[in-house]
Amino acid sequence: MDALFYVMAIMGCGDGSDQCTEARIEAPRYATIQACQAAMPAALRRNGDLSFPEISATCRATGVRLADRAPVRNPPRSAS
């Protein structure tokens, strides 16, 4: 089971999309970035009640990431 998933942050911005701040995190978790991005238009409509001149959304990865790494090998010991 992969512990990595995506969440959508709803951002409130000033005019011209400057000075954006995170206003909300949508409840659903998405398995892929593509699924998160596909859900953006509906999420933006649901969050139209925010009192910012502009709102936007961004998808970001969250959860546990496990790195693939070669095993650590002990160097050979020299004879003393």
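Here we summarise the structure given alongside this text. It should be emphasised that the depicted structure is a prediction, and the values quoted were computed from it without experimental measurement.

1. Re the nonpolar core
In a soluble, globular protein the nonpolar side chains are often hidden away together inside.
Right, on to step 1. The biggest cluster of nonpolar side chains holds eleven residues, and these are Y6, M8, I10, Y30, C36, A39, M40, A43, L50, A57 and C59.
Right, on to step 2. Contributions of two or more residues to this core are made by β1 (4-13), α2 (40-46) and β3 (54-63).
Right, on to step 3. The element that contributes the greatest number of residues to this core is β1, accounting for three residues.
Right, on to step 4. Setting aside residues up to four positions removed in sequence, C59 forms contacts with V7, M8, I33, C36, Q37 and M40.

2. Some points on the state of the cysteines
Right, on to step 1. Applying the stated criterion across every chain, the model contains two disulfides.
Right, on to step 2. Bridging C13 to C20, the disulfide has an S-S length of 2.0 Å. Measuring handedness by torsion sign, the sulfur bridge of C13 and C20 sits at about 105 degrees and is right-handed.
Right, on to step 3. Under the relative-accessibility criterion, C20 is labelled partly exposed at 33%.
Right, on to step 4. The residue that forms a disulfide with C36 is C59, at a sulfur-sulfur distance of 2.1 Å. Measuring handedness by torsion sign, the sulfur bridge of C36 and C59 sits at about -95 degrees and is left-handed. Highlighted residues: C36 in helix α1 (residues 33-38) and C59 in strand β3, separated in sequence by 23 residues.

3. A few points about the pairing of β1
Right, on to step 1. Burial analysis of β1 places nine of its ten residues in the buried class, which makes it a mostly covered element.
Right, on to step 2. Here β1 runs beside β3; their pairing, made up of ten bridges, is antiparallel. Bridge pairing in β3 places M11 opposite S56.
Right, on to step 3. In this sheet, strand β2 (residues 21-25) lies alongside β1 in antiparallel orientation, the contact comprising four bridges. Each residue of the ladder has a partner; that of A9, found in β2, is I25.

Parameters and conventions
- Residues numbered from 1 in each chain as written.
- Predicted model: local features only at pLDDT ≥ 70, side-chain atom pairs only at ≥ 80, totals over all residues.
- Heavy atoms only, no water.
- Core = buried A, V, L, I, M, F, W, Y, C linked by side-chain atoms within 4.5 Å.
- Buried < 20%, exposed > 50% of the residue type's maximum accessible area, 1.4 Å probe, protein only.
- Helix = DSSP H or I, 4+ residues; strand = E, 2+ residues; numbered from the N terminus.
- Contact = heavy atoms within 4.5 Å.
- Disulfide = S-S within 2.5 Å.
- Pairing = 2+ DSSP bridges.

Limitation: the analysis is restricted to geometry and does not speak to function.
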